[in-house]
Amino acid sequence: MKDVPDRVFVQKVTSGDTEAFGELVRRYHKRIYELAYRFSRHPEEAYDLSQEIFLKAFNALERFRGSSGFYTWLYKIGQNTCIDYTRRKSTWSELPFINDFPSDDSWLHPSTAHGSTTKFLENKELSHEINSAIDQLSPRQKQVFVLRHYEGLALRDIADVLDLKVGSVKAHLFNAIRKLRVRLTPYIQ
Amino acid sequence: MKCGWVENLIPEYFEGILDQYQLDLVTQHLENCGDCKLELDAIDRLLDLVDNVEVEYPSAMKWNGFWGDLRRKIALVQVDQRSSFLNLGWYYSNIWKFAGIGCMLLLAVLLCLQLFGNVSFLMYPYRNTEDFRAVNQFFGEIPIVQILEQINFEEQEIGFVWESDLVSNLESVDLHNSFPDTVAESWYLTDLTELDFLVYPSGNLDNVVLTSMK
Ligand SMILES: [Zn+2]
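First things first, this report covers the structure right here in the doc. Everything numeric here is computed off the predicted structure, so don't read it as measured data.

## Brief notes about the coordination of the zinc ion
Note on metal sites: the ideal angle is 109.5 degrees for four tetrahedral donors, and 90 or 180 degrees for six octahedral donors.
Residues and elements named next belong to chain B.
Link 1 in the chain: For the zinc ion, the protein coordination sphere consists of Cys-3 (SG), His-29 (NE2), Cys-33 (SG) and Cys-36 (SG), at 2.0 to 2.4 Å.
Link 2 in the chain: Coordination geometry of the zinc ion: the 4 donor atoms subtend angles of 99 to 115° at the metal centre, consistent with an arrangement described as tetrahedral.
Link 3 in the chain: Considered as a linear motif, the donors of the zinc ion on their single chain read C-x25-H-x3-C-x2-C.
Link 4 in the chain: Judged by its relative accessible area of 13%, His-29 falls in the buried class.
Link 5 in the chain: Taking the relative accessible area as the measure of exposure, Cys-33 reaches 13% and is therefore buried.

## A short note on helix 3 (residues 43-60) of chain A
Link 1 in the chain: Taking 1.5 Å per residue, 18 residues should reach 26 Å; helix 3 of chain A reaches 25 Å between its end C-alpha atoms and fits that length.
Link 2 in the chain: Listed in full, the buried residues belonging to helix 3 of chain A are Pro43(A), Ala46(A), Tyr47(A), Leu49(A), Ser50(A), Gln51(A), Ile53(A), Phe54(A), Leu55(A), Ala57(A), Phe58(A) and Ala60(A).

## Some thoughts on the nonpolar core
Link 1 in the chain: Counting 79 residues, the largest nonpolar core has Phe21(A), Phe54(A), Phe70(A), Leu74(A) and Phe145(A) as the members making the most contacts within it.
Link 2 in the chain: The dominant element in this core, judged by the number of residues it contributes, is helix 2 (residues 19-40) of chain A, at 11 residues.

## Here's the deal with unusual backbone geometry
All names here are of chain A.
Link 1 in the chain: The backbone of Arg-41 shows a phi angle near 60°, a positive value even though the residue is not glycine.
Link 2 in the chain: Looking at the secondary structure, you find Arg-41 in the loop between helix 2 and helix 3.
Link 3 in the chain: For Asp-163, which is not glycine, the phi torsion reads 55° and is therefore positive.
Link 4 in the chain: Mapped onto the elements of the fold, Asp-163 is located in the loop between helix 8 (155-162) and helix 9 (166-183).
Link 5 in the chain: By relative accessible area, which is 68% here, Asp-163 ends up exposed.

## A short note on the pattern of salt bridges
Residue and element names in this part refer to chain A.
Link 1 in the chain: The full count for this structure, using the stated rule, is 14 salt bridges over all chains.
Link 2 in the chain: With its nearest N and O atoms 2.6 Å apart, the salt bridge here joins Arg-27 to Asp-6. Separated by 21 residues along the polypeptide, Arg-27 in helix 2 and Asp-6 in helix 1 (residues 6-14) bring together distant segments of the chain.
Link 3 in the chain: Asp-6 sits in the buried class, given a relative accessible area of 14%.
Link 4 in the chain: Asp-135 is the salt-bridge partner of Lys-142, the closest N and O atoms lying 3.1 Å from each other.
Link 5 in the chain: On the basis of relative accessible area, Asp-135 is assigned to the partly exposed category, the value being 23%.
Link 6 in the chain: Because the salt bridges share partners, they merge into one network encompassing Asp-6, Glu-23, Arg-26 and Arg-27.

## Remarks on the packing of aromatic side chains
Link 1 in the chain: Within this structure, the stated rule accounts for 17 aromatic pairs over all chains.
Link 2 in the chain: Considering the side-chain rings of Tyr28(A) and Phe70(A), the 6.0 Å spacing of their centres and the 40° angle between planes classify their relative orientation as tilted. One end of the pair, Tyr28(A), is in helix 2; the other, Phe70(A), is in helix 4 (residues 70-89), and 42 residues separate them in sequence. This pair shows no difference in class: Tyr28(A) is buried, exactly as Phe70(A) is.
Link 3 in the chain: Clustering of aromatic rings is evident, with ring pairs tying together Phe21(A), Tyr33(A), Tyr37(A), Tyr47(A), Phe54(A), Phe58(A), Tyr57(B), Trp63(B), Phe66(B) and Trp67(B).
Link 4 in the chain: The ring of Tyr47(A) has Lys62(B) sitting right over it, with the charged end atom 4.4 Å from the ring centre.

## Quick look at helix 3 (residues 34-51) of chain B
Residue and element names in this part refer to chain B.
Link 1 in the chain: Helix length check: helix 3, at 18 residues, gives a terminal C-alpha distance of 26 Å against a target of 26 Å (1.5 Å per residue), a fit within 8%.
Link 2 in the chain: Of all the positions in helix 3, only Cys-36, Glu-39, Leu-40, Ala-42, Ile-43, Leu-46, Leu-47 and Val-50 are classed as buried. The arc that holds every buried residue of helix 3, seen down its axis, measures 160°, which confines them to one face.

## As for the packing of helix 1 (residues 3-15) of chain B against helix 2 (residues 20-32) of chain B
Residue and element names in this part refer to chain B.
Link 1 in the chain: Contact geometry for helix 1 and helix 2: axes closest at 10 Å, N-to-C directions at 115°. Viewed along their axes, helix 1 and helix 2 form a crossing whose handedness is left-handed. Here Cys-3, Val-6, Leu-9 and Tyr-13 of helix 1 come into contact with helix 2, specifically with Gln-22, Leu-23, Val-26, Thr-27, His-29 and Leu-30.
Link 2 in the chain: Residue composition of the contact of helix 1 with helix 2, grouped by class: 7 nonpolar, 3 polar and no charged.

What counts and how
Along each chain, the written sequence defines residue order, and numbers are assigned to residues from 1. Whichever chain is written first becomes A and whichever ligand is written first becomes 1, with later ones labelled in order. Since the coordinates come from a predicted model, pLDDT governs what is reported: local features require at least 70, and pairs of side-chain atoms require 80 or more to be given and counted, while whole-chain, interface and lining totals use all residues. To obtain the side-chain values, all non-hydrogen atoms of the structure were included, while hydrogens and water were left out. The rule for donors is simple: an N, O or S atom within 2.8 Å of the metal counts, and for Na, K and Ca the reach is 3.2 Å. Water is not among the atoms, so a site may look short of donors. Square planar and octahedral assignments, for four and six donors respectively, both demand that opposite donors be over 155 degrees apart and that all other angles lie between 65 and 115; tetrahedral needs four donors with all angles between 85 and 135 degrees, and anything else is irregular. Partly exposed describes any residue whose relative accessible area lies between the buried limit of under 20% and the exposed limit of over 50%, with all areas from a 1.4 Å probe on protein chains only and scaled to the type maximum. Put simply, DSSP H or I for four residues or longer makes a helix, DSSP E for two residues or longer makes a strand, and each gets a number counted from the N terminus. Helices are assigned an expected span. That span is 1.5 Å times one less than the residue count. For this analysis, a nonpolar core means a set of buried residues of the types Ala, Val, Leu, Ile, Met, Phe, Trp, Tyr and Cys, connected via side-chain atoms within 4.5 Å. Salt bridge, as used here: a side-chain nitrogen of Lys or Arg that lies within 4 Å of a carboxyl oxygen of Asp or Glu. Pairing of aromatic side chains requires ring centres within 6.5 Å, counting the rings of Phe and Tyr and the six-membered ring of Trp. Pairs whose planes differ by under 30 degrees are stacked, by over 60 edge-to-face, and all others tilted. Two conditions define a charge located above a ring, namely a distance within 6 Å from the ring centre to NZ of Lys or CZ of Arg, and an angle within 35 degrees of the ring normal. The directions considered for the arc run from the helix axis to the C-beta atoms. Under this scheme, a helix contributes an axis fitted over its contacting stretch, all axes are lines through C-alpha atoms, and angles between N-to-C directions fall in the 0 to 180 degree range. Each crossing gets its hand from how the near helix is turned against the far one by less than a right angle, where anticlockwise is left-handed and clockwise is right-handed. Contact between two residues is taken to exist if any of their heavy atoms lie within 4.5 Å; hydrogens are not considered. Each residue is assigned to one of three groups, with Ala, Val, Leu, Ile, Met, Phe, Trp, Tyr, Cys and Pro labelled nonpolar, Asp, Glu, Lys and Arg labelled charged, and all others, Gly among them, labelled polar.

Structure (structure tokens):
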């Protein structure tokens, strides 16, 4: 079963064998879930999101031409679904971080500002902090940051995927990094 | 070269996309400035930390039921498609009725909002003042128009990012032409010290940032 190429299953599905889709799901649901997790940062939502991605792929399978590999095609759907997801979720408030920056310029020189606040954190707690910091980014910042740092896309490719200018991608990326920098100051001393 | 400048360029430095001139300036500065070196290390640790967050998976039971779950959803969609196909005739015979009712409802809602709501479709009375306050705070209470005049008057490159919501509001009060939706904008300045944004790091407008320099 493992050696059978994807396209055999794709063919079976398009000729009416829904069960054959199960094999494709088994092959890729972990990777797709991980993609979804990077954007949603929550197991339940990542689960739902990855289900949504496979459902979309199933419904669009007849339009899959096979010019790229199945996974490449599936990943593209995944990417777009995740980008849509950040857009529609957008818990991001209108003017975020309005009170988050210290009123003086201590954040420019955090080494002096935060001195010994570093404390040991359980890995899980730290992950939680990081996740919620990323969650607080604006939708655009989050999309750009995740695509860059988790999906490893080049700035040029991110610009294509999001239909932005490279300059905007850069700016969003750097703003995201700056925000995370401020948010996570206590953990990077 | 000022520390603020270098710190602003550090993310670009990390991505390896500074031009040679900027790269030289930053490298030179980093050799002599302990604070900026610390900042560089901090960003390094930050990205390391963030990149290494592990993926959290759902419970084994849920995970094992992934395909079963999906199978049910697929079945639902298939049933749905069949029934909507069968009901097509009924749907078409009533479509104008639905459209009519829809239009009436929409009109009613619009009317109510115009009459009783805070929200108007023609202007942004509430957001305007809020945004202006934020902008002014960011620039240390200098009126925004004055800032723009100052920027336009000089000639050196400087980049800003404004989030789109804010942008549309700024446009709505005539701060014109330089604000397309969510982009890094360029204006021109000869003497950057005249407009030292880093003096105002309150960050109220988190997306106004210097991004590059000639
Ligand atoms: Zn310095």
